[in-house]
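An overview of the molecular structure
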Amino acid sequence: MKQKEITVNGKNYPVIFTLATLSNFEEITGKPFFKADLDLIKNRIAIICAAAIAADENTKLTVEELRGNEDLEAYKQIGAVYNTIVDMAAEFFHIPPTEKKESEQPAAEDEGGEKPKN
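Residues numbered from 1 in each chain as written. Predicted model: local features only at pLDDT ≥ 70, side-chain atom pairs only at ≥ 80, totals over all residues. Heavy atoms only, no water.

Moving on, we get to the packing of aromatic side chains. Scanning the entire structure with this criterion turns up 7 aromatic pairs. Aromatic side chains Phe-17 and Phe-93 sit 5.9 Å apart centroid to centroid with 65° between the ring planes, which places their arrangement in the edge-to-face category. One end of the pair, Phe-17, is in the loop between strand 2 (11–16) and helix 1 (19–29); the other, Phe-93, is in the segment after helix 4 (72–92), and 76 residues separate them in sequence. Ring centres of Phe-34 and Phe-93 lie 5.9 Å apart, and the angle between their planes is 65°; this geometry places the pair in the edge-to-face category. Linking Phe-34 in the loop between helix 1 and helix 2 (41–55) with Phe-93 in the segment after helix 4, this pair joins segments that are 59 residues apart in sequence. (Phe/Tyr/Trp six-rings, centres within 6.5 Å; stacked < 30°, edge-to-face > 60°. Helix = DSSP H or I, 4+ residues; strand = E, 2+ residues; numbered from the N terminus.)

Here's what the structure looks like:
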């Protein structure tokens, strides 16, 4: 089990991704983890809280703290912390790093060095 720290509003909190994280998430949301839409902010907040509770059942991290001032900065902070949890989940599930998606690859160029025309 690998523990990491997240920073929320200048405070550090330990997080882990284990079976306890999955169970905590399901307890918080009342929904199965594997059917959860993690594009929803409320589910991202729930998985962050679940990982913090798994690391420290007495964590002081709250939903309110994650939401901060309910502004764009809070949204960015949730995104950054969520990415840490996703990285830990990839390790837990033994998901190898993937190549960039085709849509992220540069457009193909023809032999003359120009991009193909549509």
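Next comes the rest of the write-up.
The next point concerns unusual backbone geometry. Unusually for a residue other than glycine, Asn-9 sits at a positive phi of about 50°. Since its relative accessible area comes to 43%, Asn-9 is described here as partly exposed. Of note in the backbone geometry, Glu-70 takes a positive phi value of approximately 60° without being a glycine. Examined against the element boundaries, Glu-70 turns out to sit in the loop between helix 3 (63–67) and helix 4. The class of Glu-70 is exposed, set by a relative accessible area of 63%. (Buried < 20%, exposed > 50% of the residue type's maximum accessible area, 1.4 Å probe, protein only.)

What follows deals with the nonpolar core. Nonpolar side chains in soluble globular proteins tend to end up buried together. Counting 26 residues, the largest nonpolar core has Ile-6, Phe-17, Ile-48, Leu-61 and Leu-66 as the members making the most contacts within it. Contributing elements (two or more residues each) for this core: strand 1 (3–8), strand 2, helix 1, helix 2 and helix 4. When neighbours within four sequence positions are excluded, Ile-6 is seen to be in contact with Lys-11, Asn-12, Tyr-13, Val-15, Ile-48, Leu-61, Val-81 and Thr-84. (Core = buried A, V, L, I, M, F, W, Y, C linked by side-chain atoms within 4.5 Å. Contact = heavy atoms within 4.5 Å.)

Once that is clear, we can look at the pattern of salt bridges. Opposite charge on two side chains lets them pair, provided their charged atoms get close. For the structure on display, the rule yields 4 salt bridges. Residues Glu-65 and Lys-11 are paired through a salt bridge, measuring 3.6 Å at the closest nitrogen-oxygen approach. Placement of the pair is Glu-65 in helix 3 and Lys-11 in strand 2, with a sequence separation of 54 residues. (Salt bridge = Lys/Arg side-chain N within 4 Å of Asp/Glu carboxyl O.)

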